[in-house]
Amino acid sequence: MNRDSLDFFDLNNAIVIPMKRIYEAVLDEHFSKYDQMAFLSGPRQVGKTTVAKNILKHMGTRSKYLNWDILSDRKCILEDYESVLENLSLDLVSDKKPFLVLDEIHKYKHWKNWLKGLSDLTKSHLNLLVTGSSKLNTFRRGGDSLMGRYFLYRVHPFSVAELLRTEMPDKLFSMPQKLDSDQFEALYQFGGFPEAFRTAEKRFYHRWQNLRLEQLFREDIRNMEQVEDIGQMELLAFQLRFNASQLLNYSNMANKVRVSDQTIRRWIRILESFYYCFTLTPYSQNIARSILKEPKVFLWDWSLVEDPGSRYENFIACHLLKAVHFWNDIGFGSFALHYVRDKEKREVDFLIIKDHKPWMLIEAKSSQKEPLSESLKHYQKQLNAEIVLQVALDADYSEQDCFNLSKPVIVSAKTLLSQLI
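Residues numbered from 1 in each chain as written. Predicted model: local features only at pLDDT ≥ 70, side-chain atom pairs only at ≥ 80, totals over all residues. Heavy atoms only, no water.

1. Side note on the confidence of the model for the chain
Mean pLDDT over the chain works out to 89, with 90% of the residues at or above the 70 mark. Here residues 1-12 scores under 50 on pLDDT; set against residues more than four positions off or in separate chains, the count is 35 contacts. (pLDDT = per-residue confidence, 0-100. Contact = heavy atoms within 4.5 Å.)

2. Here's the deal with the sheet that holds strand S10 (residues 296-299)
What the three strands build is an open sheet, ordered S8-S10-S9; its pairing is antiparallel. This sheet does not close on itself; its edge strands, each paired only once, are strand S8 (246-247) and strand S9 (277-280). The sheet contact formed by S8 and S10 spans two bridges and is antiparallel. Each bridged residue has a counterpart across the sheet, and for Leu247 the counterpart in S10 is Lys296. Across the sheet, helix H13 (residues 308-329) is in contact with S8, S9 and S10; its angle to S10 comes to roughly 85 degrees. (Pairing = 2+ DSSP bridges. Helix = DSSP H or I, 4+ residues; strand = E, 2+ residues; numbered from the N terminus. Axes fitted to C-alpha atoms, helices over the stretch in contact; angles between N-to-C directions.)

3. Here's the deal with the environment of Phe403
For Phe403, the location among the structural elements is in the loop between strand S14 (387-392) and strand S15 (409-412). Other than its neighbours up to four places away in sequence, Phe403 contacts Phe173, Trp359, Met360, Ile387, Leu416, Gln419 and Leu420.

4. Some details on helix H1 (residues 22-33)
Here H1 is twelve residues long and its end C-alpha atoms lie 17 Å apart, about the 16 Å a rise of 1.5 Å per residue gives. Inspection of H1 places Ile22, Tyr23, Glu24, Ala25, Val26, Leu27, His30 and Phe31 among the buried residues, and these make up the whole buried set. (Expected span 1.5 Å × (residues − 1). Buried < 20%, exposed > 50% of the residue type's maximum accessible area, 1.4 Å probe, protein only.)

5. Considerations on the packing of aromatic side chains
In this structure the tally under the stated criterion is 23 aromatic pairs. Ring geometry for Phe31 against Phe99: centres 5.2 Å apart, planes inclined by 90 degrees, an arrangement best described as edge-to-face. Note that Phe31 is positioned in helix H1 and Phe99 in strand S5 (residues 99-103), a separation of 68 residues in sequence. Summarising the burial analysis for this pair, Phe31 and Phe99 share the class buried. Taking the ring centre of Tyr65 as reference, the NZ or CZ of Lys53 above it sits at 4.7 Å. Between the NZ or CZ atom of Arg311 and the centre of the ring of Tyr188, over which it lies, the distance is 5.9 Å. (Phe/Tyr/Trp six-rings, centres within 6.5 Å; stacked < 30°, edge-to-face > 60°. Lys NZ or Arg CZ within 6 Å of the ring centre and 35° of its normal.)

6. A closer look at the state of the cysteines
What the rule picks out here adds up to zero disulfides. Considering cysteine sulfurs only, Cys318 is the nearest to Cys402, which forms no disulfide, with 19 Å between them. (Disulfide = S-S within 2.5 Å.)

7. Describing the pairing of strand S13 (residues 357-365)
Counting buried positions along S13 gives seven out of nine residues, so the element sits mostly inside the fold. Between strand S12 (residues 347-354) and S13, which pair antiparallel and follow one another directly, the connecting turn spans two residues, one of which, Asp355, has a positive phi of 50 degrees. Pairing geometry for S13 and S14, over six bridges, is parallel. Across the sheet, the residue bridging to Ala364 is Val391, located in S14. Chirality of the crossover, the property in question, places the unit of S13, helix H14 (residues 374-383) and S14 among those that are right-handed. (Right-handed = clockwise from strand over helix to strand, strands pointing away.)

8. Concerning the packing of H1 against helix H2 (residues 48-57)
Following both chains from N to C, one finds H1 and H2 inclined at 55 degrees, their axes separated by 10 Å at the closest point. In terms of their interaxial angle, H1 and H2 are classed as oblique. Judged by the sense of rotation from one axis to the other, the crossing of H1 with H2 is right-handed. Judged by residue contacts, Tyr23, Glu24 and Leu27 of H1 engage Val51, Asn54 and Ile55 from H2. (Parallel < 35°, antiparallel > 145°, perpendicular 65-115°, else oblique. Left-handed = near helix turned anticlockwise from the far one by under 90°.)

9. Remarks on the packing of helix H9 (residues 202-224) against helix H10 (residues 230-243)
The geometry of H9 relative to H10 is characterised by a closest axis approach of 11 Å and an angle of 135 degrees between their N-to-C directions. Between H9 and H10, the interaxial angle falls into the category oblique. Two packed elements cross with a definite hand, and for H9 against H10 that hand is right-handed. Together, Leu213, Phe217, Arg218, Ile221 and Arg222 of H9 and Ile230, Gly231, Met233, Glu234, Ala237 and Arg241 of H10 make up the contact between the two elements. Across the contact of H9 with H10, the residue classes break down as six nonpolar, one polar and four charged. (Nonpolar A, V, L, I, M, F, W, Y, C, P; charged D, E, K, R; others polar.)

Structure, rendered in structure tokens:
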């Protein structure tokens, strides 16, 4: 645990988590270097507002927070730019810019044009942070795009590595570091959303989870999307818990939910845009007889997945996606996450593409006693991946650097995940 940051200590369960998130370091760097707006996007209850308000504390009186969901703030936003900028004093001489946070502004129908006007008005004299619980970049449309005026940062739940360190990294991976076993188990069982993780208590978890999902479907999605039957979409979301880490067959899912497969496809896209689930497509380049279409589906909250094997694979998927998003968002390169599978059903769970080339093959196994996957060896020969790992959940933490291994090998999940983000 990095003791340089403020910690939260829960007396009931002795779970210590950093109050500071790594995204605070990201935003500190962003506003010290760039004039673009910062977009902070991620699931409901993941901690975006907390990150924004923690930064506001350092900005003094020349700062302001407005939330579209608060009626008085919405009135201020809709009046004029002068009302929004009141008391911020855009001093063109001062070295320190004022700071404005706009939370959930994407719920305003004309938010893109409104933000474009504010950005053009203030130019490089205001630090502007926009946060939201849907994918802000998916709402770009044609000529009124904000492209070039912002950088997007995607906020994920806590991960093994973020519980260990919250400073800005200077390279893709860190040296291994051991996380307390109680924290690892709490993270695995209750998920990485801050409230559920730090409380680590089943009755609270179930109440919190029910409320979060009700707000997601009955408020967020209903208010922003044209969904004819929100109850049927909730049924789809429930079914996805049992399909997590598996191939997504749209026709089979349509039969279970009693809607068309086209409706299932549209609803999956909506659920992805609100960070309920994500899909990974198969990587087919240079793979003989690869499958081309069927994605695998995962949940952003792995704690919702009941099957032990599926939950573990989902757990690994979330950690890898967080790393890939982070590396892309802060400019470490071009990364993508896929899986590989051919028509002979040889499969490896994950493949990370780095700068358009296969870089890292990862197979998730619950037990270290399972032999090294033959599929790993097969695809290493085809793809010439630099790093090839079989990651075991039950393996003890070790000091070995997983990114410095020259051949396919079995490693501990506790070790590998501590080296990511």
